[in-house]
Amino acid sequence: MKRSPYAVSLSVVPDGEKAVQYLRKSGTYQSASRPHLVFLDLNMPVMDGREAISHIKADAALKNIPIIVFTTSEQKADLIKLYALGANCYVTKPMEFDNFCRVIQEILHFWHSVAKLPGWQFQGRI
């Protein structure tokens, strides 16, 4: 497996409710740094990906952060619903580790080198 050219700082939270708290810097996450990308699992506990995206995209301070939904679901209804809620990308998780890493690298490359976002100058960290 090839090493990533991108410096990545990864923060993980246990469920959708904590993800929203983290992004809002509330509760135990008051010192959290604001991410440049958010990866959400569709079927998180407490608050699922659909609910989390609804909260994130309704918040003026958070709505421009790209959200990548990473899921095992290949249901067309999920894909349509999540894009309607404001997801920026819907990716079916590969089951093999090497393919999983390759997909992550492709996503990082896209958001680092291809996509242009308003008010955000990429500084080499995601």
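Below: a short report on this structure. (Residues numbered from 1 in each chain as written. Predicted model: local features only at pLDDT ≥ 70, side-chain atom pairs only at ≥ 80, totals over all residues. Heavy atoms only, no water.)

A short note on the overall build of the chain
Keep this limit in mind: What counts as a helix is a DSSP run of H or I of at least four residues, what counts as a strand is a run of E of at least two, and both are numbered from the N terminus. Buried residues are those whose accessible area, probed at 1.4 Å on protein chains only, stays under 20% of the maximum for their type, while exposed residues exceed 50% and partly exposed ones sit between those limits. Note on definitions: a residue-residue contact is assigned when non-hydrogen atoms from the two residues lie within 4.5 Å. Computed with the Shrake-Rupley method and a 1.4 Å probe, the accessible areas treat only the protein chains shown as cover for residues.
From N to C terminus, the chain includes 4 helices and 3 strands. Starting at the N terminus, the α and β elements of the chain follow one another as α-β-α-β-α-β-α. The burial tally for the chain puts 37% of its 126 residues in the buried class. Across the chain, the fraction of contacts at a sequence separation of at least 24, relative to all contacts at a separation of at least 6, is 55%. For the chain, the computed accessible surface area is about 7800 Å², with 53% contributed by carbon and sulfur atoms.

Focus on the pairing of strand 2 (residues 67-71)
This is how it is decided: Two strands pair under a simple rule: DSSP has to find at least two bridges between them. Crossovers are described as right-handed under a simple rule: with the strands pointing away from the observer, the path leading from the first strand over the helix to the second runs clockwise.
The buried fraction of strand 2 is high, at 5 of 5 residues. Residues Ile67, Val69 and Thr71 point to one face of strand 2 and Ile68 and Phe70 to the other, with burial holding for every one of them. Pairing analysis gives 4 bridges linking strand 1 (residues 38-41) to strand 2, with the strands arranged parallel. When the bridges of strand 2 are listed, Phe39 appears paired with Ile68. For the segment spanning strand 1, helix 2 (residues 49-58) and strand 2, crossover handedness is right-handed. Sheet topology places strand 2 next to strand 3 (residues 89-92); 4 bridges connect them, and they run parallel. Paired with Val69 across the strands is Tyr90, a residue of strand 3.

Side note on the packing of helix 1 (residues 16-24) against helix 2
Where we set the bar: Axis angles are defined between N-to-C directions and span 0 to 180 degrees, where every axis is a line fitted to C-alpha atoms and, for a helix, only to the segment in contact. Under this scheme an angle from 65 to 115 degrees is roughly perpendicular, one under 35 degrees roughly parallel, and one over 145 degrees roughly antiparallel; angles in between are oblique. Crossings are classed by handedness, with left-handed meaning an anticlockwise turn of the near helix from the far one by less than a right angle and right-handed meaning a clockwise turn. Here the term charged refers only to Asp, Glu, Lys and Arg, the term nonpolar to Ala, Val, Leu, Ile, Met, Phe, Trp, Tyr, Cys and Pro, and the term polar to all other amino acids, Gly among them.
With their axes 9 Å apart at the nearest point, helix 1 and helix 2 run at an angle of 15 degrees to one another. Here helix 1 lies roughly parallel to helix 2, going by the angle between them. Helix 2 is crossed by helix 1, and the crossing has right-handed handedness. Seen from helix 1, the contacting residues are Gly16, Val20, Leu23 and Arg24; seen from helix 2, they are Ala52, His55 and Ile56. Among the residues forming the contact of helix 1 with helix 2, the class breakdown is 4 nonpolar, 2 polar and 1 charged.

Here we look at the pattern of salt bridges
The cut-off we apply is this: Take a side-chain nitrogen of Lys or Arg and a carboxyl oxygen of Asp or Glu: if they are within 4 Å of each other, that pair is a salt bridge.
Scanning all chains against the criterion turns up 5 salt bridges. A salt bridge links Asp59 to Arg24; the nearest nitrogen and oxygen atoms lie 3.1 Å apart. Highlighted residues: Asp59 in the loop between helix 2 and strand 2 and Arg24 in helix 1, separated in sequence by 35 residues. The class for Arg24 is partly exposed, based on a relative accessible area of 38%. Residue Asp48 pairs with Arg50 through a salt bridge whose shortest N-O separation is 2.9 Å.

By themselves, these observations are geometric and do not establish any function.
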